[in-house]
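Given next are the chains, with one letter for each unit.
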Amino acid sequence: MSAPIQLRPDETFILNVGPQHPATHGVLRVKMQMDGEYIVKSETVLGYIHRMHEKMGENRTYAQYLPNLSRLDYLGALGYTHGHVLAIERAAGIEVPERAEYIRAITVELNRVASHLFWFGAFVMDLGGFSPLMYAIQDREHILDMLEAVTGARLTYCYYRFGGLYNDVDDDFTEAAKRFIPRMRKSLKKYDALVTGNIIFQKRLEGIAPVSAEMCRKYGATGPVARGSGINFDVRKNEPYSVYPEFDFDIPVYHECDSMARYKVRMDEMEQSLRIIEQGLEKLPGGPIMAEKKPKNIKLPVGDFYQAVETARGSFGIRIVSDGDKNAYRLKLRSPTYSNMHLFDEACEGMLIMDALAFMGTLDLVIPEMDR
Amino acid sequence: MILETTQQALQALFAGSVPADGAEAATPRGNGVITRNYKIHGYHLDAQVATDQLLAAVTILDHAGFFIESITGVDWIKENQMEVIYDFSRYDFDTCRVVIRTRVPRDQPLVPTISTIYAGANWHERETHDFFGIKFTGHPHLVPLLLPEDADFHPLLKDFKA
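Now for a description of the structure that goes with this document. Please read all numbers here as calculations on a predicted model, not as lab measurements.

Moving on to the overall build of chain A. In terms of helices and strands, chain A carries 13 helices and 8 strands. Here the C-alpha radius of gyration of chain A, 22 Å, is about what a compact globule of 372 residues would show, namely 21 Å. Its C-alpha atoms give chain A principal-axis dimensions of about 80 × 50 × 40 Å. Per-residue burial for chain A yields a buried fraction of 62% across its 372 residues. When contacts within chain A are restricted to residue pairs at least 6 apart in sequence, long-range pairs at least 24 apart make up 70% of them. Here chain A displays about 14,100 Å² of accessible surface, and carbon together with sulfur accounts for 53% of that area.

See below:
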C-alpha cells in the first residue's frame, strides 16, 4: 500500500483548463499553475483549430477568398467580411453605391447585436444563471431569420461583394427590422432588471479583474475590453469608414476597468447599434446596390494596403500586400480577440480561478477567430 | 499634430539621408520615412528601418503613446529577403497609423524582439516565427503558438511545399 500523498504548504499544481472546457467556449487551453484556488501563473495555449486562413488568402483569388472571412468569427461574421471588401475597394479604387453601404451598416449592426446577445447569454450562464441564455437566443433568432432572408445564411454569411451586395433587401426585411427595434429595447430593459441588478452577479464582477488602460495599450486590446478600461476608442468613430459618419450614435465608455465595466459596455452598445439601425432604415436611399464600373477579375495595384473595422470584438485589421496579381502576395488578418486574450495571462495572476473564468467570459472569446 | 512630431522623431533616426517625399514608391526601397496617402493605403507613416534601429524606432512610438496593432512577415523570395512589418495605432482622435518595417536576409532571419517594450508583441512574434521561421533574438519563449508544438516547417514561406 502506498503512503498518503504529503503536500508541502508551498506546493503548487498544474491545472489544465481546456482544450475541452465549457468556460473557454471552444478549443482553447489555459495551463494554470495553481496555489490552491489561486492562480500563480498562467499560460494560454492556442492553435487547436488553426486553419491557416492567411495561406488560403495567398492561394485563392480575392473573390474566392470571400467566404473565408465569415469562418473566422461565426458570431459576428458580417463585420469581418465588411473589412475584407472595404480593403479591396480601397486598394482597387471601387466606388460603392450609397444604398449598398447603408445596407452594409444596417446588417453589420444587426449582426453586432446578435453577437452581443449570444455573448450575454453565454456569459451569464458561465456565472451560473441559465435562463438569460434562453431569452437572449430567442431575441437573436429574430435577427438570424432576418439576415437569413437577405443573405441566405444564418451564420457564415457571404453577402457583400466588391462594389456592393449580393442582393437587395426587400420590404419584408425593412419591416421586420423596424418591428425588431422596439422589441429589442423592451428586452434590454428586461435583461437589465433580470441580471444587472442581481446581487450575486454584481459581487462576481465588481472590482474583479482590473485591466488598466496602460495594459490595454501594451497588448493592443481594443473593442469593449479597451472601452471598459476608460479608453474612448472605436474604429467607427476614430477612423470613420463606410457611412458611419452619417449616423448619430455614442461610444459607451466605462472607467472602472473591472469585469462589470466590460459587461456594461456591451449592454450599452446594443442600444447604440439599435440607434444606427433605426437611422439607417429611415435614411435608406434608393438606387443600385452594385457599382457600375467594376472589373470582372479583380487585380490590385502593387503595394501594401491596410483596412481596420470595428467588429463586435474590437478592431479587426486586414493587410493586403499585392504584387499586382489576381491573388494576394500576402494577406494578414489582425484579429481582435487574439490581442484581447493575450493580456489574460498577465492580468489573471494572483486571481481566484472562479474570478479568472468570469474574467475570461468578459473578453468575449471566439476561438476560430483567434486561431484563424 | 502627432503625425508631424512622430515623423520628425522617426526621421531623426536617418540623419543625412532624405527619402523621396510622399513617393508612392514600390518596395524594395531604401530605409527612411515616407508619408503615405491614407485614403489609398490605410496608414499615414511608413518607416523602413535597419534591424539595429528597430528598438529605437519602437521606443519612439511607445513614448508617444501608440498601441501595438500587429506584427507580421512577408517573404520576398525574389530578393532573397524577408520583411517584418509592425503596425501601430492610437487610441485618441489624433488618428495616426504608423507602419515600421525591417528587412533581413532570408538565410539569416534575425530580428531583435520588441516584447521588452510591448508585452503584446510576444504572441505576434511567436506567430511570425511559426509562419516564416524568423527568429526574434531575446524573445522569452519562442516556441510554436498556432502550429503544432513539434512543427519544424514554416507554411508562409514561398518555397514551402505541403
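That shown, we press on.
This paragraph deals with a nonpolar patch on the surface. Among the surface-exposed residues, Met125, Phe130 and Met134 of chain A lie close enough to one another that they form a single nonpolar patch of about 290 Å² accessible area. Relative to the elements of secondary structure, Met134 of chain A occurs in helix 4 (residues 131–151).

The next thing to look at is the interface of chain A and chain B. With 44 residues of chain A at the interface, the matching set in chain B holds 51 residues. Between chain A and chain B, a total of about 4,100 Å² is buried, with carbon and sulfur atoms accounting for 52% of that surface. Applying the counting criterion to the chain A and chain B interface returns 9 salt bridges. For Glu127 of chain B, the salt bridge is made with Lys332 of chain A, and the minimal N-O distance between the two is 3.0 Å. On inspection of chain A and its partner chain B, the count reaches 33 residue pairs in polar contact (both at pLDDT 80 or more). It is helix 11 (residues 336–347) of chain A that provides the largest number of residues to the side of chain A that touches chain B, a total of 6 residues. A class-by-class count of the residues in the side of chain A that touches chain B yields 16 nonpolar, 10 polar and 18 charged.

So, about the sheet that holds strand 2 (residues 29–35) of chain A. Residues and elements named next belong to chain A. Ordered in space as 1-2-3, the 3 strands form an open sheet in which the pairing is antiparallel. A single partner strand is all that each edge strand has here, and the edge strands are strand 1 (13–17) and strand 3 (38–45). The sheet shows a mean angle of 25 degrees between the axes of neighbouring strands, direction not considered. With 5 bridges joining them, strand 1 and strand 2 adopt antiparallel strand pairing. Within strand 2, the position partnered with Leu15 by the bridge is Met32. Strands in contact with helix 11 are strand 2 and strand 3; relative to strand 3, the strand with the most contacts, it is inclined by about 150 degrees.

Turning our eyes to something else, we now look at the side chain of Arg313 of chain A. Residues and elements named next belong to chain A. By the element assignment, Arg313 lies in the loop between strand 6 (303–311) and strand 7 (314–322). Owing to a relative accessible area of 1%, Arg313 belongs among the buried residues under this scheme. Here Asp364 takes part through its backbone oxygen, which lies 3.3 Å from a polar atom of the side chain of Arg313.

Per the stated rule, a full pass over the model turns up 43 salt bridges over all chains. Its salt-bridge partner being Glu141 of chain A, residue Arg154 of chain A comes within 2.3 Å of it at the nearest N-O pair. Taken as a pair, Arg154 of chain A in the loop between helix 4 and strand 4 (160–161) and Glu141 of chain A in helix 4 lie far apart in primary sequence, 13 residues in all. A relative accessible area of 28% places Arg154 of chain A in the partly exposed class. We classify Glu141 of chain A as partly exposed; its relative accessible area is 30%. Ionic pairing is found between Arg313 of chain A and Asp364 of chain A, a salt bridge with its closest N-O pair at 3.4 Å. Within this pair, whereas Arg313 of chain A is found in the loop between strand 6 and strand 7, its partner Asp364 of chain A is found in the loop between helix 12 (353–362) and helix 13 (367–371), the two being separated by 51 residues in sequence. Taken as a pair, Arg313 of chain A and Asp364 of chain A share a single burial class, namely buried. In the salt-bridge network here, residues are joined through shared partners; they are Asp304 and Arg319 of chain A together with Arg36, Asp46, Glu79, Glu83, Asp87, Arg101 and Arg103 of chain B.

Before going further, it helps to examine helix 4 (residues 121–132) of chain B. Residue and element names in this part refer to chain B. Taking 1.5 Å of rise per residue, the 12 residues of helix 4 would be expected to cover 16 Å, and the 16 Å separating its terminal C-alpha atoms lies within 8% of that figure. Counting buried positions along helix 4 gives 12 out of 12 residues, so the element sits mostly inside the fold. All buried positions along helix 4 are accounted for by Ala121, Asn122, Trp123, His124, Glu125, Arg126, Glu127, Thr128, His129, Asp130, Phe131 and Phe132. Count one or two residues on from helix 4 and you reach Gly133, which has phi positive near 75 degrees.

This part covers the environment of Leu274 of chain A. Residues and elements named next belong to chain A. Examined against the element boundaries, Leu274 turns out to sit in helix 10 (residues 259–283). When its relative accessible area of 0% is taken as the criterion, Leu274 is described as buried. Residues Leu274 and Ala177, 97 residues apart in the sequence, show an inter-C-alpha distance of 9.7 Å. Dropping the residues within four chain positions of it, Leu274 is found in contact with Phe180, Ile181, Met184, Arg185 and Leu188.

Take the pairing of strand 3 (residues 67–76) of chain B next. All names here are of chain B. With respect to burial, strand 3 is a largely interior element, 10 of its 10 residues being buried. As judged from the 9 bridges shared by strand 3 and strand 4 (residues 81–89), these two strands associate in the antiparallel manner. Bridging from a neighbouring strand, Asp75 pairs with Met82 of strand 4. Counted between consecutive antiparallel strands, the loop separating strand 3 from strand 4 contains 4 residues, among which Asn80 sits at a positive phi close to 55 degrees.

Turning to the packing of helix 2 (residues 77–92) of chain A against helix 3 (residues 98–126) of chain A, a few remarks are in order. A pair of packed helices is characterised by two quantities: the angle between their axes and the separation of those axes. Residue and element names in this part refer to chain A. One can describe the packing of helix 2 onto helix 3 by two numbers: an axis separation of 8 Å at closest approach and a directional angle of 150 degrees. As far as their axial angle goes, helix 3 and helix 2 are roughly antiparallel. Where helix 2 approaches helix 3, its residues Ala77, Leu78, Gly79, His82, Val85, Leu86 and Glu89 are matched on the opposing element by Glu101, Arg104, Thr107, Val108 and Asn111. When the residues that make up the contact of helix 2 with helix 3 are grouped by side-chain class, the tally is 5 nonpolar, 4 polar and 3 charged.

Side chains of Asp170, Asp171, Asp172 and Glu175 of chain A sit close together on the surface and give a patch of like negative charge. Structurally, Asp171 of chain A can be placed in helix 5 (residues 171–196).

Cut-offs used in this document
- Residues numbered from 1 in each chain as written.
- Chains lettered and ligands numbered in written order.
- Predicted model: local features only at pLDDT ≥ 70, side-chain atom pairs only at ≥ 80, totals over all residues.
- Heavy atoms only, no water.
- Helix = DSSP H or I, 4+ residues; strand = E, 2+ residues; numbered from the N terminus.
- Rg over C-alpha atoms; globule rule 2.2 N^0.38 Å.
- Buried < 20%, exposed > 50% of the residue type's maximum accessible area, 1.4 Å probe, protein only.
- Contact = heavy atoms within 4.5 Å.
- Areas by Shrake-Rupley, 256 points an atom, 1.4 Å probe, with all protein chains shown as cover.
- Patch = residues over 30% accessible without salt bridge, like charges linked within 9 Å, V, L, I, M, F, W, Y side chains within 5 Å.
- Salt bridge = Lys/Arg side-chain N within 4 Å of Asp/Glu carboxyl O.
- Buried area = accessible area lost by both parts, 1.4 Å probe.
- Polar contact = N/O pair within 3.5 Å; in protein donor to acceptor, adjacent residues only side chain to side chain.
- Nonpolar A, V, L, I, M, F, W, Y, C, P; charged D, E, K, R; others polar.
- Pairing = 2+ DSSP bridges.
- Axes fitted to C-alpha atoms, helices over the stretch in contact; angles between N-to-C directions.
- Expected span 1.5 Å × (residues − 1).
- Parallel < 35°, antiparallel > 145°, perpendicular 65-115°, else oblique.
- Lys, Arg positive; Asp, Glu negative; His and termini not counted.
- Charge placed at Lys NZ, Arg CZ, Asp CG, Glu CD.

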